[in-house]
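Residues per chain are reported as follows:
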Amino acid sequence: MRIIAGSFFIFLVLFVAVGVASSRFKKNTVDDYLLAGRSLPYWLMASSAFATNLSGFMFTGLIGVAYLKGVSIIWLALGLFVGQSLAWYKAPELIRGESKRLNVATLPTFLVAENNRDSRLLVVVSGLIILVFLSLYASAQLVAGSKALHVIFGWDYSFGIVLAAMIILIYCFSGGIRASIWTDSVQSVVMFLSMITVATVCLSNIGGPIALMTRLREIDPVLVDFFPNQFEFGILGFFIGWVFNGIGVIGQPHIINRFMAVKSYQQFLLARRLYIPSFFIFLVLTLFVALSCRVLIASTDFDSETAFLRIAILYLPHILTGFALAGLFSSTLSTADSQVLSCSSAITVDIFPNWRRSYVASKISTIFVTFLIMGVALLGNKNVFYLVVVAWAALSAAFVPIVTLRMRRIEVSNTLGLSMIFCGLGTVLLWRYYLKLSGDVYEAFPGICAGFLMFFLSCAYKKVNSLLAEVNHRGLP
């Protein structure tokens, strides 16, 4: 146990040291604190987006669901990949270009129409939505990290939550988004290598994909059913729902900040070539590990979201178990730190604009947000998959339609923008909690569609009014 703890804490010290070291390059300005002076090279942007996007959801949530559902979860993973690939095709460079042209540093200020830059209501409401749902999302990361420490060391969940929160606070406070991005890049390497390590162990103990399928069929034939009939709208509806989950990346404030911070338009081509293959490989490794866990762990009487670490404990030497733990824990830190900073910017730039030029206020809000998400994690739901998918869907439905329009320089009024946000958000909540269809079609799909529908209905209404006015003007019957 000492070897595991030693290996793990070495990596924690490394993460903190990298974050603190980044402060040597900082400037005491709000723009540098929130966007690192818009100076990211492609490899930092891609590796940071990779670590921030994949998060504890992969190591705990996705593995836990795949452990229970079997190979049919491949449709979820394929939908994620297709959606992310579509989102990364043009959106990042368009968002970066528009945000720089408008000189904005946050998602809410990006949404406001160019001819109405002084508008406050849309900005404030968007900032509050980000604060609520991104805090929920960040709390899921702390929960994932606490589960890891509980499984390995038997520590109380609350200790892991507090430890993760304090580590995030140290390096975010030191260097802002630059510290977050630097540590993300180191953490992405640790995440990737730890998943490869565990996947290699699974491969050596099972004997390859064919042997894996055979073993799964022996446990339960349902686990190898690629086309289960349990979905209300069929496997196609399930797949499309998760395609929209992937597209939802352009509605996530903590990832959009990476797009805004990149050095130049040309850097996105290189970043995309690095990010998309890495994302695909990591997805494949994650699914293989998840299905292998179902074969290699005899008992199912445990929290399936801890399967990754249980395999590490059973099959890896202690020093590599500590490494696997560091990979999982770093995945939670890399996402939560970005979300803390996005919530902080929502407070200081969007909700209380008088603080937007105050570097001190940015730091104070970072402290406040860290303690907020720590409290939510201590008191809230302990299911990582549930917390992440709800928060992700809400942010996607609220912001993807308007972000898509704005990056194409299509203006929306305050009233229309708010209508689109609340229509999308309301659809997500209705779909999950009243209709209870989220298990059949992920709620981001109807939520995003509802936001676009509101826009097209508004356009149709204006067109009809314009035609009627023209008719009246000409005096036609």
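One can find the structure itself at the top, above this paragraph.
Keep in mind that this is a model prediction, so the values were computed, not measured.

Asker: Explain the overall build of the protein chain to me, please; I cannot follow it from the model alone.
Answerer: Per the secondary structure count, the protein chain includes 17 helices and zero strands. Against the globule reference of 23 Å for 477 residues, the protein chain gives a C-alpha radius of gyration of 23 Å, in line with a compact fold. Dimensions of the protein chain, computed from C-alpha atoms along their principal axes, come out at roughly 85 × 55 × 40 Å. Taken across its 477 residues, the protein chain has 62% of its residues classed as buried. When contacts within the protein chain are restricted to residue pairs at least 6 apart in sequence, those whose partners lie at least 24 apart make up 85%. Within the structure as shown, the protein chain displays about 18600 Å² of accessible surface, and the carbon and sulfur contribution to it stands at 67%.

Asker: How should I be thinking about the pattern of salt bridges in this particular structure?
Answerer: If charged atoms from side chains of opposite charge come close, those side chains can pair. Applying the stated rule across the entire model yields seven salt bridges. Among the salt bridges present, the one from Glu98 reaches Arg409, with a minimum N-O distance of 2.6 Å. With a gap of 311 residues between them, Glu98 in helix H4 (residues 74-102) and Arg409 in the loop between helix H15 (384-407) and helix H16 (414-434) connect regions that are remote in the sequence. On the basis of relative accessibility, which here comes to 3%, the residue Glu98 falls in the buried class.

Asker: Would you mind showing me how to read the packing of H4 against helix H9 (residues 234-247) here?
Answerer: Two measures define how a pair of helices packs: the angle their axes make with one another and the distance between the axes. It is at 6 Å that the axes of H4 and H9 come closest, and there the two elements cross at 40 degrees. With respect to their mutual orientation, H4 and H9 come out oblique. Seen from above, H4 lies across H9 with right-handed handedness. Contact residues: H4 offers Trp75, Leu76, Leu78, Gly79, Leu80, Val82, Gly83, Gln84, Leu86 and Ala87, while H9 offers Ile235, Phe238, Phe239, Trp242, Val243, Asn245, Gly246 and Ile247. Considered class by class, the residues forming the contact of H4 with H9 number 13 nonpolar, five polar and no charged.

Asker: Would you explain the environment of Phe455 in this entry?
Answerer: Structurally, the position occupied by Phe455 is in helix H17 (residues 444-474). For Phe455, a relative accessible area of 9% gives the class buried. As a C-alpha pair, Phe455 and Val412 span 43 residues in sequence and 8.4 Å in three-dimensional space. Beyond its immediate sequence surroundings of up to four residues, Phe455 is in contact with Leu405, Ile410, Val412, Leu416 and Met420.

Asker: Quick question: what am I supposed to make of the packing of aromatic side chains here?
Answerer: For any pair of aromatic rings, the description consists of the separation of the ring centres together with the inter-plane angle of the planes. Per the stated rule, a full pass over the model turns up 24 aromatic pairs. Among the aromatic residues, those joined into a cluster by ring pairs are Phe8, Phe9, Phe153, Trp155, Phe159 and Phe329. Just above the ring of Tyr67 sits the side chain of Arg294; from NZ or CZ to the centre is 5.1 Å. A cation over an aromatic ring shows up here: Arg406 above the ring of Phe110, its NZ or CZ 6.0 Å from the ring centre.

Asker: Sorry, what's going on with empty space enclosed by the protein here?
Answerer: With a probe scaled to a water molecule rolled over the atoms, the places where space remains empty come into view. In total, this model carries three cavities of 30 Å³ or more according to the counting rule given. For the largest cavity, the calculated volume is near 130 Å³. The set of elements that each furnish at least two residues to the lining of the largest cavity consists of helix H3 (42-69), H4 and H15. The leading source of residues in the lining of the largest cavity is H3, at five residues. Considering only residue class, the lining of the largest cavity consists of nine nonpolar, four polar and no charged.

Asker: Teacher, can you tell me more about the side chain of Asn53 here?
Answerer: Among the secondary structure elements, Asn53 is positioned in helix H3. The contact partners of Asn53, leaving out residues within four places of it in the chain, are Gln84, Tyr137, Val249, Ile255, Tyr275, Phe279 and Trp392.

Criteria and cut-off values
Residues numbered from 1 in each chain as written. Predicted model: local features only at pLDDT ≥ 70, side-chain atom pairs only at ≥ 80, totals over all residues. Heavy atoms only, no water. Helix = DSSP H or I, 4+ residues; strand = E, 2+ residues; numbered from the N terminus. Rg over C-alpha atoms; globule rule 2.2 N^0.38 Å. Buried < 20%, exposed > 50% of the residue type's maximum accessible area, 1.4 Å probe, protein only. Contact = heavy atoms within 4.5 Å. Areas by Shrake-Rupley, 256 points an atom, 1.4 Å probe, with all protein chains shown as cover. Salt bridge = Lys/Arg side-chain N within 4 Å of Asp/Glu carboxyl O. Axes fitted to C-alpha atoms, helices over the stretch in contact; angles between N-to-C directions. Parallel < 35°, antiparallel > 145°, perpendicular 65-115°, else oblique. Left-handed = near helix turned anticlockwise from the far one by under 90°. Nonpolar A, V, L, I, M, F, W, Y, C, P; charged D, E, K, R; others polar. Phe/Tyr/Trp six-rings, centres within 6.5 Å; stacked < 30°, edge-to-face > 60°. Lys NZ or Arg CZ within 6 Å of the ring centre and 35° of its normal. 1 Å grid on protein atoms, 1.4 Å probe; cavity = no way out; pocket = protein on both sides within 12 Å on 5 of 7 lines; lining within 4 Å. Points joined across faces, edges and corners; volume = space filled by probe spheres on them.

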